[in-house]
Amino acid sequence: MISPDALNATYVILGASGNTGSIIADSLLSKGKKVRVVGRDAERLQRFVRQGAEAFMGEVSDAAALTKAFSGARAAYLMLPPITSREDQERESDAIAKAVTESGLPYAVHLSSYGAHVPEGTGPVTGLHSSEQKLNAIGGLNVLHLRAAYFMENNLAAISMIQEMGIFGHALLPDQKMPMIVTRDVGDYGAKRLLDLNFSGKQTCELLGERDLSMAEATAIIARGIGKPDLRYVQFPYDKVQEVLEQMGMPPKKAAVYIEMFQAINGGVLAAQEPRSRENTTPTSFEQFVQDVFAPAYHGKARAA
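The structure presented is a predicted model; accordingly, all values stated were derived computationally and were not measured.

(A) The arrangement of the sheet that holds strand 7 (residues 150-151) in detail. Taken in spatial order, the 3 strands make up an open sheet running 7-9-11, and their pairing is mixed. Looking at which strands have only one partner, the edges of the open sheet turn out to be strand 7 and strand 11 (212-213). In terms of strand pairing, strand 9 (residues 178-181) meets strand 11 through 2 bridges, oriented antiparallel. Bridging across to strand 11, Pro-179 finds its partner in Asp-212.

Next comes the structure, spelled out in structure tokens:
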């Protein structure tokens, strides 16, 4: 028997206009659920409002606003925004934890990362370790930390380099395999767990994508998908990558945080802990991602140039 509370439950989505949050918001709205979407930009939330969602304006670092957003909700999707600095990450996770505590939110699905078991030295993932710890310290909260693999979408940043230099250059080792996942699969999985709420206490689960891939293998798949069979992967020194990130407009401190993450991946510090299983393997292959997302973005940018 489903309780009346569960039927009328409100779900709060942080980062609703982002890659994973938008999938979760759309999924819950399509099931007729009451959804409160939180964001800084009212315009970007309008498409959810048109589907029946309640828009709530607020910064992730504003504990008072988040407490209001979480009040009366049964469950929330929690995530930190893309990193600006480690200090901002701490402020944001402090605000989220304070709001969860003060609102008495009973359930949360929290977007984390593989490697979040490591307390430091993993770049942006260090902030997710910290966020997990803060949520785990909240007595009445049932929380599921989704430790997602390296996002396939991260590879989209290479499009300009491929077009201008004819290579895919990065700091990651060419032959080291790592799990890669498309953000849509993270959103689909998160939505399912929010609907089921079949977790209690403090739990983690890794989401490892369809299979592990090395950067050399990923580049070969991109090469076939965009019709550039000669495209090759080149590993750049860390200082060169730092330089490129800064040229792209990233502040030096922020670029250094990403370099730390690449070093952690190359050193095997940032690595999956769970054996691959049916539960932590998601459906979308890298080939499918290149066909659906990478190739259209590559050719679209070429046409626009």
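(B) Region of interest: the packing of aromatic side chains. Going through the model one piece at a time under the given rule, you end up with 3 aromatic pairs. Seen in terms of ring centroids, Phe-286 and Phe-289 are 5.5 Å apart; in terms of plane orientation they differ by 45 degrees. Their pairing is tilted. Here the residue Phe-286 and the residue Phe-289 both occupy positions in helix 12 (residues 286-304), the gap between them amounting to 3 residues, near one helical turn. Accessibility expressed as a relative area gives 1% for Phe-286, which makes it buried. Relative accessible area serves as the criterion here: at 1%, Phe-289 is assigned to the buried category.

(C) Examining the nonpolar core more closely. Within the largest apolar cluster, 56 residues are counted, with the highest numbers of intra-cluster contacts made by Ile-13, Phe-70, Leu-78, Ile-96, Val-100 and Leu-194. Here Val-100 is in contact with Phe-70, Leu-78, Leu-105, Leu-135, Ile-138 and Leu-141, once residues within four sequence places are set aside. Core analysis: the second largest hydrophobic core is formed by 43 residues, Met-152, Met-161, Leu-231 and Tyr-233 among them.

(D) Representation of the sheet that holds strand 5 (residues 107-113) in the model. The sheet built from 7 strands is open, its strands ordered 3-2-1-4-5-6-10 with parallel pairing. Sheet topology places strand 3 (54-57) and strand 10 (202-207) at the edges, where each strand pairs with a single neighbour. In this sheet, neighbouring strand axes are inclined to one another by 20 degrees on average, regardless of whether the strands run parallel or antiparallel. Note that strand 1 (residues 10-13) and strand 4 (residues 75-78) share 3 bridges and pair parallel. Each bridged residue has a counterpart across the sheet, and for Val-12 the counterpart in strand 4 is Ala-76. Strand contacts of helix 4 (residues 63-70): strand 1, strand 2 (34-39), strand 3 and strand 4, with the helix running at about 170 degrees to strand 2, the strand carrying the most contacts.

Rules of the game
- Residues numbered from 1 in each chain as written.
- Predicted model: local features only at pLDDT ≥ 70, side-chain atom pairs only at ≥ 80, totals over all residues.
- Heavy atoms only, no water.
- Pairing = 2+ DSSP bridges.
- Helix = DSSP H or I, 4+ residues; strand = E, 2+ residues; numbered from the N terminus.
- Phe/Tyr/Trp six-rings, centres within 6.5 Å; stacked < 30°, edge-to-face > 60°.
- Buried < 20%, exposed > 50% of the residue type's maximum accessible area, 1.4 Å probe, protein only.
- Core = buried A, V, L, I, M, F, W, Y, C linked by side-chain atoms within 4.5 Å.
- Contact = heavy atoms within 4.5 Å.
- Axes fitted to C-alpha atoms, helices over the stretch in contact; angles between N-to-C directions.

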